[in-house]
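What follows is each chain in one-letter form.
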Amino acid sequence: MNYGHALRFGLHLPTDADCGAGRLVAVAGLAEQWGLDLLVVPAGTAGDDLEPSTVASWIAAATVSLGLVLEAGPATLHPAMFARAVPSLDRLTEGRAELAFRAGPPTAASGTADSVAPAHDVPISVDGQGQDLLRLVGLRADEWSTGCAAVTLTQGNRAVDEAAQGAGRDPRGIRGRVTIRGGFGERTGKFTGTATDWVNDPLPLVVEHGVGTIVLDTVERDVAAGFASEVAPALRAAAEAVLPRGWSGARVRRSAVRARRRPGIDCEGAPPEMAEVAEPGIILRAATNEQVTQALPFARRHPGVALSRRSAGHGVSGRSTNDGGIVIDVSLMNAIEVLDRKTRRVRIGPGARWAEVAGANFGIVTAFEFEADDVGAVAFARLTQDASDLERCLVEWGRAVEDSPRDLTSFVIVPPPRGGRPALAVSRTMVESSDPETVRARLGPLAAISAMYAQDIVITSYAAVMDNASDDPPVSRGEPVSRSGLLRHVTPQFAAAAARVIRSGAIGRFQLRSVGGAVADVPAAATAYAHRDANLSLVVMGGADEVVDRAWARLSPFLDGLCISFESSLRPERIAAAWPPRTLSRPRS
């Protein structure tokens, strides 16, 4: 029988004595380059009994996505050390480690170690055939490794399945793995001859005996390359042709995952069409419109469970996720498609981030269509100026931005002054022009506000500016506390209130951003963004809600509306502030 596992293909790391450090890394690099899924690091590597977790660490630093299966045999290092080495490797590789046990007499060493949390539940495989060992596989393991004989697989699967069922486990959660050896050329037995012969040999193991992982053990580069480039894709295609449609899409959760499921969610009833389903709680990752339409009825069947919608993750409030509820995630829908070059119409998926193109909402948008505009060279200016006279600096910055032509946009950040030093105004400004005189004229009013500490002005492309954004995942400590509001003008009264807030130290960040210009040409009732007469957006951030709220109370009388993406408060009145009643009623109806 087949257990519904998507096929994985791997390579067994050579164990010959001539396999030094350079060759180990080279083999691993080729395995990853060829598109193989995993590399088995044997216990006792390269003929010198190199310790497998050390070898795996060496290889991990030279690879990016290759799974690393560490074999533990009778001569493996102290169990307590190994118990720390494997989770540590898993964390450092962001979930690429697996552990394989080879049958043999126990080591003399024993002991315990402080727990190290891995990046994921490290899969454990067991290699062997004895009845006690097969029972252990059914009770605890995630994969069973054995020979290629059909009789061995049939009897072993029966014993493993019975043990798993007796322990309340789903037998489908246990993979079958085989290690093969062979060569191309003359057909002399199994796994010899042509690539077609190689496909025909393991196909019955996949279809009839549930083998889901196939590892090649060879020291010949040409054999490994042929296995990866010809045999693996052809075997996948052959299995797809023979087995029922969707055979490799079955989601089988390990018992450790099922034990952490949150009550009230029918995890087993999650739509099978989803690109990915993550638990506990449940995250439904959709890659197509059809998958979104499958996710919505599932969410409706859980009226008492929190529901969040996540696109590209832009927003600091946490509204795009929740703890223990349902999340419909469309971040995989990030395609950018040119629909009509003549009219400049483009379609952009909701998961696309601004650096790739060009918060909390009422529904799930599966595509946006825009009329794109050509943007030529731009000037990008980074200015750091004296803001000792804070009130005057804020007023003049606001006036300069409002009075500037539409080819300029800017934002300014004023951190709280520290240690008796004067306040600073740090601005970022873009001008849509490559003409130095035009750029100088546009930036002149901003540069004249106060003394300049630092400046950096370049003529570049808009795409180059966006490329400055880091691809690294964000790293932060604590929960962000932010408040957002829209402002028509920086009046002297607002500037005075803002200066008191900044100098008080109650907030760590004060930012004004230009939002006026062409956006005001669209009628207020035309879209969900109703506050189109605002020229500026204000965001402040701090460390505690009550402290930030007291500071915000000084500023809120000057504000009307807000941008919800920059707002961390989950209070219902913040929704009302973002959308006037008439605007709010339209998506709710």
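A brief look at the structure comes next. Residue positions are given per chain, counting from 1 as you read along its sequence in written order. Side-chain atom pairs in this predicted model are given and counted only at pLDDT of 80 or more, local residue features only at pLDDT of at least 70, and totals for whole chains, interfaces and linings cover all residues. Excluded from the side-chain calculations are hydrogens and water; all other atoms, namely the structure's heavy atoms, are used.

1. Some words on the packing of aromatic side chains
Point 1. Between rings of Phe, Tyr and Trp, where Trp is taken as its six-membered ring, a pair exists when centres lie within 6.5 Å; planes separated by under 30 degrees are stacked, by over 60 edge-to-face, and by other angles tilted. Within the structure shown, the criterion is met by five aromatic pairs.
Point 2. Geometrically, the ring pair formed by Phe9 and Phe227 is edge-to-face, given 5.9 Å between the ring centres and 70 degrees between the ring planes. Residue Phe9 is found in strand E1 (residues 8-12), and its partner Phe227 is found in helix H8 (residues 221-242); the two are separated by 218 residues along the sequence. The exposure classification of Phe9 matches that of Phe227, with both residues buried.
Point 3. The interplanar angle of 55 degrees and the centroid separation of 6.3 Å between the aromatic rings of Trp198 and Phe227 together place this pair among those described as tilted. A residue pair is termed long-range when its members are at least 10 positions apart, and Trp198 in helix H6 (residues 195-200) and Phe227 in helix H8 qualify at 29 residues. The exposure classification of Trp198 matches that of Phe227, with both residues buried.
Point 4. Members of the aromatic cluster, each reached through a chain of ring pairs, are Phe9, Phe184, Phe191, Trp198 and Phe227.
Point 5. A cation over an aromatic ring shows up here: Arg513 above the ring of Phe411, its NZ or CZ 5.0 Å from the ring centre. For the purposes of this entry, the term helix denotes a DSSP run of H or I that reaches at least four residues, the term strand denotes a run of E that reaches at least two, and both are numbered from the N terminus. Summary of the burial criterion: residues with accessible area below 20% of their type's maximum are buried, those above 50% are exposed, and those between are partly exposed, where the area comes from a 1.4 Å probe applied to protein chains only. Lysine NZ or arginine CZ positioned within 6 Å of the ring centre and within 35 degrees of the ring normal marks a charge as sitting over the ring.

2. A closer look at the sheet that holds strand E2 (residues 38-41)
Point 1. Strand pairing requires that DSSP identify at least two bridges connecting the strands. Strand order in the closed barrel formed by eight strands is E1-E2-E3-E4-E5-E6-E7-E10, with parallel pairing between adjacent strands. Between one strand axis and the next, the sheet turns through 25 degrees on average, direction left out of account.
Point 2. Of the pairings in the sheet, the one linking strand E3 (residues 67-72) to strand E4 (residues 97-102) comprises five bridges and is parallel in character. When the bridges of E4 are listed, Val69 appears paired with Glu98.
Point 3. Residue contacts follow a heavy-atom distance rule, with two residues in contact if any of their heavy atoms lie within 4.5 Å. Angles run from 0 to 180 degrees between N-to-C directions of axes, and those axes are lines fitted to C-alpha atoms, restricted for helices to the stretch in contact. Of the strands in this sheet, E2 and E3 touch helix H2 (residues 52-60), which is tilted by about 170 degrees from E3.

3. Comments concerning the sheet that holds strand E24 (residues 536-542)
Point 1. Taking strand neighbours across the sheet as the criterion, the seven strands line up as E21-E18-E20-E19-E23-E24-E22 in an open arrangement whose pairing is antiparallel. Where the open sheet ends on each side, the last strands, each with one partner, are strand E21 (452-461) and strand E22 (481-487). Sheet twist, expressed as the mean angle between neighbouring strand axes with direction ignored, is 15 degrees.
Point 2. Bridge count between strand E18 (residues 377-386) and E21: nine bridges; the pairing is antiparallel. Among the inter-strand pairings, Ala381 is bridged to a residue of E21, identified as Ile457.
Point 3. This element, helix H11 (residues 390-403), spans E18, strand E19 (408-413), strand E20 (424-431), strand E23 (509-514) and E24 of the sheet and lies at about 20 degrees to E23.
Point 4. Of the strands in this sheet, E22 and E24 are in contact with helix H15 (residues 545-555), which crosses E22 at around 15 degrees.

4. Here we look at the environment of Gly269
Point 1. Among the secondary structure elements, Gly269 is positioned in the loop between helix H9 (255-258) and strand E11 (276-278).
Point 2. Judged by relative accessible area, which is 29%, Gly269 ranks as partly exposed.
Point 3. Taking the C-alpha atoms as reference points, Gly269 and Phe298, 29 residues apart in sequence, are found 8.0 Å from one another.

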